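# Chains, contacts and geometry: an overview
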Amino acid sequence: MSSITVGSHAHDDAHAAHGHAGSFLSTYVFSKDHKVIGIQFLFSTLIWFFIGGLLALGIRWQVAWPWADMPVIGKMLFSGEGGQISPEFYTVLFTMHATVMIFFVIIPILAGAFGNFLIPLMIGAEDMAFPTLNMLSYWFMWPAFIAMTASFFVEGGAAKAGWTSYPPLSLTDLNGQTLWLIGLTFVGVSSMMGSVNYLTTIIQMRAPGMTMFRLPMTIWAMFITAILQAFALPVLTAAGFMQLMDRTLGTGFFIPDGWAANNAPLASGGGQPLLWQHLFWFYSHPAVYIMILPAMGMVSDIIACFSRKPLFGYKPMVYSIAGIAGLGFIVWGHHMFMSGMNPALGMTFMVSTMMIALPSAIKTFNWLGTVWGGNIRFTTPMLFALSFVSMFIIGGLSGIFMAATPVDIFIHDTYFIVAHFHYVLFAGTAMGVFGAIYFWFPKMFGRMMNDSWGKVHFLLTFLLLNGTFFTMHILGVVGFPRRLADPYHYQTFHHLQPLNAFMTICAIGMVGAQFIFVANFIFSIFMGPRAGRNPWHCNGLEWQAPSPPGHGNFDVQPVVYRGPYEYGSPEVTTDYYPQTQPPAEGGDKPPTPPAH
Amino acid sequence: MGRFWSLVFLLVPVLGVACFAFAPMYKIWLPKDISQHGPVIDHLFYFILWLTGVVFVITEVALFWFMWRYDSHGRSNPVKFTHGSHTLEIVWTIVPAAVLLFIAIYQMNAWAESKMRNPAAGPDGILGTADDIPALLEVTARQFEWRLRYPVPEEIRKQALGKDSQWDSTKDPIKDLFVVNELHLPVNEEIILDLKSADVLHSFFLPNARVKQDAVPGMKIPVWFRATDTGSYDLVCAELCGWGHYKMKGRLTVESREDFNKWLEERFREQMATQDTASTAKGE
Amino acid sequence: MAEATFHAGAHGAAVHAGGEHAQHAPLEYHPGLPLSNGKLIIWLFLSTEIMFFAGLIGTYIVLRFGAPTWPLPREVHLSEPIGAFNTFVLICSSVTVVLGLEAARANKPAAAKLWLLLTFILGSVFLGVKLYEYNAKFSHGIYPWRPHSLVYEKADLNYAAAVRLRLDALDAQLKGEETALKGEEGSAADDVALANLAEKQKVVADLKVQELAAETKAAQDPDITVRHAELEKLADSIMPLPLHHGEEGGLNHEHRWLKLPIRIPGGNMWASTYFLLTGFHAIHVLVGLIVFFMMLFVTLDVTRAGMVENIGLYWHFVDLVWIFLFPLLYLF
Ligand code: HEA
Ligand code: HEA
Ligand code: CUA
Ligand SMILES: [Cu+2]
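Note on numbering: residues in each chain are counted from 1, in written sequence order. Lettering of chains starts at A and numbering of ligands starts at 1, both following the order in which they are written. Local features in this predicted model are restricted to residues whose pLDDT is 70 or higher, and side-chain atom pairs enter the listing and the counts only when it is 80 or higher, whereas totals over whole chains, interfaces and linings include all residues. Where side-chain values are given, they derive from all heavy atoms of the structure, hydrogens and water being excluded.

### Focus on the overall build of chain C
Secondary structure counts use DSSP, requiring at least four H or I residues in a row for a helix and at least two E residues in a row for a strand, with both numbered from the N terminus. The number of helices and strands found in chain C is ten helices and two strands. Taken from N to C terminus, the helices and strands of chain C fall in the order α-α-α-α-β-α-α-α-α-β-α-α. With a 1.4 Å probe rolled over the protein chains alone, any residue whose accessible area is under 20% of its type maximum counts as buried; one over 50% counts as exposed, and the rest are partly exposed. Taking all 332 residues of chain C together, the buried fraction comes to 46%. We call two residues contacting when some pair of their heavy atoms lies within 4.5 Å. Excluding contacts between residues fewer than 6 apart, the proportion of contacts in chain C whose partners are at least 24 apart in sequence is 77%.

### Structural notes on the confidence of the model for chain A
pLDDT is defined as a per-residue confidence score from the predictor, taking values between 0 and 100. Of the residues in chain A, 91% have a pLDDT of 70 or more, and the chain-wide mean is 89. Ignoring residues within four places in sequence, the model shows residues 1–20 of chain A, a span with pLDDT below 50, making 43 contacts including any to other chains.

### A few points about the site of ligand 1
Neighbouring residues are identified by heavy atoms, a residue being near a molecule or strand if any of them is within 4 Å of it. The environment of ligand 1 is made up of 31 residues, and the closest members are A:Tyr289, A:Asp408, A:His412, A:His420 and A:Arg482. Residues lining ligand 1 come from chains A and B. Two N or O atoms count as a polar contact when they lie within 3.5 Å, although within protein this holds only if one can serve as hydrogen donor and the other as acceptor, and sequence-adjacent residues are included solely when both atoms are side-chain atoms. Take A:Trp163: an N or O atom from its side chain is 2.8 Å from an oxygen atom of ligand 1. A distance of 2.7 Å separates an oxygen atom of ligand 1 from a polar side-chain atom of A:Tyr289. Counting only elements with at least two residues in the shell around ligand 1, the list comes to helix 12 (273–290), helix 15 (343–371), helix 16 (380–403) and helix 18 (415–445) of chain A. Residue polarity follows a fixed list, in which Ala, Val, Leu, Ile, Met, Phe, Trp, Tyr, Cys and Pro are nonpolar, Asp, Glu, Lys and Arg are charged, and the others, Gly among them, are polar. Within the shell around ligand 1, the residues separate by chemical class into 20 nonpolar, nine polar and two charged.

### Quick look at the interface of chain A and chain B
On the chain B side, the residues contacting the 106 residues of chain A number 94 residues. Defined in terms of a 1.4 Å probe, buried area is the accessible area two parts forfeit on being brought together, summed over both. In total, chain A and chain B occlude about 8,600 Å² of area from one another, counting both sides; carbon and sulfur atoms represent 76% of this. Ranking the residues of chain A by area buried against chain B places A:Ile409, A:Phe410 and A:Tyr490 at the top, with a combined share of 8%. Here, a salt bridge means any Lys or Arg side-chain nitrogen found within 4 Å of an Asp or Glu carboxyl oxygen. At the junction of chain A with chain B, the criterion picks out one salt bridge.

### Observations concerning the pattern of salt bridges
Within this structure, the stated rule accounts for 26 salt bridges over all chains. Taking the shortest distance from any N to any O, the salt bridge between A:Asp575 and A:Arg377 comes out at 3.2 Å. Of the two residues, A:Asp575 is situated in the segment after helix 20 (497–527) and A:Arg377 in the loop between helix 15 and helix 16; the sequence distance between them amounts to 198 residues. Classification of A:Asp575 by relative accessible area gives partly exposed; the value is 25%. You can call A:Arg377 partly exposed: its relative accessible area is 28%. Where A:Asp451 meets A:Lys455, a salt bridge forms, and the shortest distance between an N and an O atom there is 3.2 Å. Here A:Asp451 and its partner A:Lys455 are both found in helix 19 (residues 451–478), four residues apart, which amounts to about one turn of the helix. Look at A:Asp451 and you get partly exposed, because its relative accessible area is 29%. Where salt bridges share partners, they join C:Lys39, C:Glu102, C:Arg105 and C:Glu309 into one cluster.

### Some thoughts on helix 11 (residues 217–248) of chain A
Because the α-helix completes a turn every 3.6 residues, residues three or four places apart line up on one side. Residues and elements named next belong to chain A. Helix span, as expected, comes to 1.5 Å for every residue beyond the first. Over its 32 residues, helix 11 runs 44 Å from end to end, which matches the ideal 46 Å to within 8%, given 1.5 Å per residue. To get the bend at a residue, fit one axis to the 7 residues ending there and another to the 7 starting there, then take the angle between the axes. The sharpest bend along helix 11 reaches about 30° and sits at alanine 232, with the proline proline 234 one to four residues further on. Burial within helix 11 is extensive, with 28 of its 32 residues counted as buried.

### Topic: the coordination of the iron atom of ligand 2
Residues and elements named next belong to chain A. Summarising the metal site, the iron atom of ligand 2 is bound by the protein donors His97 (NE2) and His422 (NE2), whose distances to it range over 1.9 to 2.0 Å. Note that the iron atom of ligand 2 binds six donor atoms; their angles at the metal cover 86 to 178°, and the shape is octahedral. Of the two residues, histidine 97 is situated in helix 6 (residues 87–123) and histidine 422 in helix 18; the sequence distance between them amounts to 325 residues. Here histidine 97 and histidine 422 have matching classes, each one buried. Only nitrogen, oxygen and sulfur atoms within 2.8 Å of the metal, or 3.2 Å for Na, K and Ca, are treated as donors, and water is left out, so sites may look incomplete. Only four donors with every angle between 85 and 135 degrees are called tetrahedral; only four or six donors with opposite donors over 155 degrees apart and all others between 65 and 115 are called square planar or octahedral, in that order; all others are irregular.

### Topic: helix 8 (residues 141–151) of chain A
Of all the residues in helix 8 of chain A, the buried ones are A:Met141, A:Ala144, A:Phe145, A:Ala147, A:Met148 and A:Ser151. End-on, the buried residues of helix 8 of chain A take up no more than an arc of 165°, which puts them together on one face. The directions considered for the arc run from the helix axis to the C-beta atoms.

### Overview of the domain arrangement of chain A
Residues and elements named next belong to chain A. Structurally, chain A comprises domain 1 (26–252 + 270–291) and domain 2 (301–531). Boundaries of every domain are those given by an automatic assignment or by a domain database. Summarising the inter-unit geometry, the C-alpha centres of domain 1 and domain 2 are found 19 Å apart. With 54 residues of domain 1 at the interface, the matching set in domain 2 holds 57 residues. Taking both partners together, domain 1 and domain 2 bury about 4,700 Å²; carbon and sulfur atoms supply 77% of that area. By the criterion of area lost to domain 2, the three top residues of domain 1 are Arg60, Phe213 and Met217, representing 15% of everything that side buries. On the surface where domain 1 and domain 2 come into contact, there are 15 residue pairs in polar contact (both at pLDDT 80 or more).

### Regarding the coordination of the copper ion (ligand 4)
All names here are of chain A. Around the copper ion (ligand 4), the protein contributes the donor atoms His285 (ND1), His334 (NE2) and His335 (NE2), which lie 1.8 to 2.1 Å from the metal centre. Considered as a linear motif, the donors of the copper ion (ligand 4) on their single chain read H-x48-H-H. Between the copper ion (ligand 4) and the iron atom of ligand 1, a spacing of 4.4 Å is present. Given the relative accessible area of 15%, histidine 334 is considered buried.

### Let's talk about the pairing of strand 7 (residues 211–215) of chain B
Residues and elements named next belong to chain B. Along strand 7, five of the five residues are buried, which leaves the element largely enclosed by surrounding structure. Alternating residues of strand 7 divide into Val211, Gln213 and Ala215 and Lys212 and Asp214, and every residue in both groups is buried. One requirement defines pairing of two strands: DSSP has to find at least two bridges between them. In the sheet, strand 6 (residues 202–206) pairs with strand 7 via five bridges, with the strands oriented antiparallel. Paired with phenylalanine 205 across the strands is lysine 212, a residue of strand 7.

### Some points on the site of ligand 2
Residues and elements named next belong to chain A. Among the 32 residues in the neighbourhood of ligand 2, the closest are listed as Arg60, Tyr90, His97, His422 and Arg483. Here an oxygen atom of ligand 2 and a backbone polar atom of tryptophan 163 are 3.1 Å apart. Taken together, the elements giving at least two residues each to the shell around ligand 2 come down to helix 4 (34–64), helix 6, helix 18, helix 19 and helix 20. Within the shell around ligand 2, the residues separate by chemical class into 24 nonpolar, five polar and three charged. Taken domain by domain, the shell around ligand 2 gets at least three of its residues from each of domain 1 (26–252 + 270–291) and domain 2 (301–531).

### Notes on the sheet that holds strand 10 (residues 250–255) of chain B
All names here are of chain B. The strand order across the open sheet built from five strands is 4-10-9-6-7, with neighbouring strands paired in mixed fashion. Each having just a single partner strand, strand 4 (182–186) and strand 7 make up the two edges of the open sheet. Geometrically, the sheet is characterised by an average inter-axis angle of 25° between neighbouring strands, direction not taken into account. In this sheet, strand 10 lies alongside strand 4 in parallel orientation, the contact comprising five bridges. Its bridge partner being in strand 10, proline 186 is matched across the sheet by glutamate 255. Axes here refer to lines fitted to C-alpha atoms; in helices the fit is confined to the stretch in contact. Angles between the N-to-C directions go from 0 to 180 degrees.

Written as structure tokens, this is what we have:
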């Protein structure tokens, strides 16, 4: 073994302490270091995750026991209504729940936290190509944080037209919707700055020998996600400006002729409500892949590492990410099958949607192929990663029902959809993110998280999330509509209350289980056992840097000789073969010269 | 521990299948189907349910089995050092592709049947919209109720008003019946309704008839189906339309032609008797 | 290579042991494209901008071709020659910025600055002309938004009601002026003012009669279009739709103080999209101007050529967007 990889633990401590020249403010607050920015994103998003979870409990409470007083939280949140959720507040709840979860948790935790932290480390760079821009991309989140928080306190309350904000309903809201749009614009600008920076970094700042096809899946996923962001997001920004103008100036982009409703702006009309849906989904469908591809990448890395086996079908995996991203741009209409859009268009969108299951199938089978014949270590990150695969299959398969237009006639806007996206988003991405936190925590903080408590956290979350979300499929089969504050006065859905109560209890338990995670996380930052450079015996470049890496990341120039997944290679005696380890005599090929 | 975790993962397919197997027994399942095109949709649903069910069980059990079999604990045999297999990649691209294409093509007719064909052109004519076919009624959704407007046939109007009525149908503009939330339809007849919205988006959802269509302000969207069973069912608003979205509830009553006519006549008489009601209902 | 790396590592460790502030290894990279990072990110940024304008232009196309009527350029007082002039100005500015880049590359800072100054001036001319055009719209009562906009889609009862409201308001206003004038002691100037007022009041009174007649006729049955001919006539006398550019007429033109609602079929949506597209484009021009302005304080020698190039790329993009907008908005 080369001395590069031995990574003597002795000077890790020195590293942890070193190198933070400058004031506290420039080191921890306005830092330009990608690792600090990543961790800032991580903390911010975890706090928003908690808020989003509380809002979810509000939803669950109301759906299980409509109009019942909510203990404790009710008093905190809506004391004005005496601990009871009003129908209006219910609409706020799910709108803000989704907004928070999607725009303040999942997207920023994937791209902002892990993208930032991992990209330079995994490609062998000392930082992002544009550190100042990177810092700005975090600080642009703050106006958004403030706008969204403030919106709860303005007259009329926070946005309540659903996270999709369909006009004309969204035009009749009071100030909350305006703040929502402003917040979203800032999130958008932040993401844009991040994505162009990531792309430049990945294209230009790879270590010698790190060809594109030696990149870890995480980086590939981040790369393609950044492309998706760059091309889809501006359209949402444009649409957001237009909705803002419709609301405040009185233009009429999304307002039909001769339209009037309560609180409606004095508008000129002549516009089209469906136009917003097209623009919104043109972004938001690719966005669902923005919300899962990075998780897929990280999960691929974790699974390969703990199966001690090369990733099965590396290139097909890369191509399928690209395939998902490419197809993702031509399927947005599947959210609009019932919207009044030309049904012939629906037919074409149906076919393209079906096709997008193909690259997903390739990914699924390759994960299975990776686990097959491995030497599996059941660590906490591995369990989360495997559950990602297991849950993504469920979420993906339910997508097929909705892609089938005739079936969608029945299940559109029912809990079947709610089940679908919580399986891909919570059971999929969020579980993948938990796995990634456990996996890269040693690199971030130089200490290990407790594995046993991690497993308890996993087990409870895994069981309870299925209890919460699997049953939603069944509700959907009955036709139980989403976004309904009190569904039980419909005779068709009257008998579903006990099932909903069960789901709510599971959800409460699930949120409770997260406190184990929080405690483990905080405790481990300060008291966890020290991690060496490479506690999991992985191949990636990030594991060659000290834990945590100092300013500039690497103390030796990383040179890459092979792909990141050479686990169990017969060429070496260890069961891993780091990317930077020079090949044994006559073994591997020398690194390819820099390509131009 | 590997064994334990594999079993935890095995719970997913076991409980998942159990959930779908037991739900129908507790009547937590597709609501009763009362429309002619409904069985096609239900059939497609079952078809996809079986298909995805099989994929689900195979993949989840495979995952379980690999976890069980390749647990590192107590094993020291070398891993299968492979970077993949071209043949396998091709197989698991082609097979799902074929399956998915099949589903896509298989369902096209059902979609065309319920959203694209011209109702007057018979079940096979997939042409145009129903624009020029007279609708049975006009449904206008508004926050938070369903306004229904039935054109009243000449004979029924006469019957309702009596022979010696002063009313002159050519002069008086009120020739239609206006009701709120009470949707009555004749059984076994092709029903075409024009769906409109007076304010924001709504969605006209009849779970039992497998009908759903958004109502969009500024658009008139035709909806058609044929109810095959009498009874009383829910009419649900399935698109968020404001704080009162949850209570935007209508009632669908499917009845024989005679009963329907009788109802029409009765309601029309009531409406003419109280001109006030009529004008408030009309002057929305 | 591997050896060297090895040594660097050992050296780094030694420094550490000494407790000195560790110097991380200066890293070597393996760039994928023969571009500077700055140029690459500008290209990427421009591709996001392309999507942004694609969204806006897409909106325009959807709304325009989905609209039942769309005004002709002359109906909304758009002047093709002015637009063409502006296009020309912008294209020239693209040329000057390229010449600036050439100069910077040749290490001629003074020449480069001159070219950029010229670009700055051309950009300002563009914006100035744009402002003039906006002003022309505003003076015709065409605003993108309602409270100021005088535009009505058709001469229907809504339109009549708006005219009536405006006339009532004028009436009240003139009455107020009259009492104010009469309250003062009679002087020579007052007679002129009073005569003026009387004339205005007569115009308003005449119009009121005409409006009332048209409205009552149309109100007999709002569904029948024939009866709307009266309203059309009213609208025409207030402000006829221009036949070709430059021709104006009607009461609003004769008496600028009237500011009565006007009728332009499709005019509102036109205004919304016109101001949306040209507005966002103008913001981009403005950003470019600010950057050019800042560049005037920088020595533009060969080391800054990259900077000039990047700004130039942005400027070409802004130019390109206009080259799409001009035909879309002015010619079709
Ligand atoms: C991370 C997020 C994410 C992901 C990855 C997906 C993935 C998919 N989604 Fe989902 N979707 C959402 C998030 C996501 N979705 C959200 C948030 C909404 C609702 C928004 C709202 O209205 O609020 C939504 C809504 C939604 C709708 C609209 C429903 C409606 O409103 O009526 C549709 C319709 O087609 C759809 C389809 C699909 C499909 C086909 C996939 C596919 O990509 C899935 C592909 C994967 C597989 C199929 C599984 C693995 C494959 C195999 C094991 C191979 C074998 C399989 C077969 C042969 C079938 N989704
Ligand atoms: C990423 C996306 C995401 C996530 C993670 C979740 C998570 C959850 N969602 Fe969410 N949901 C959506 C996206 C998401 N949802 C969307 C898009 C909608 C549609 C909205 C609309 O219709 O407009 C929706 C709607 C929605 C509904 C339907 C409402 C309706 O239509 O009437 C319901 C109902 O049960 C629900 C429930 C839940 C529950 C119980 C969770 C639970 O999984 C929540 C669990 C939360 C936690 C476990 C928090 C844990 C906290 C931490 C780990 C951090 C701790 C750190 C610190 C304290 C520092 N959601
Ligand atoms: Cu109407 Cu919801
Ligand atoms: Cu989608």
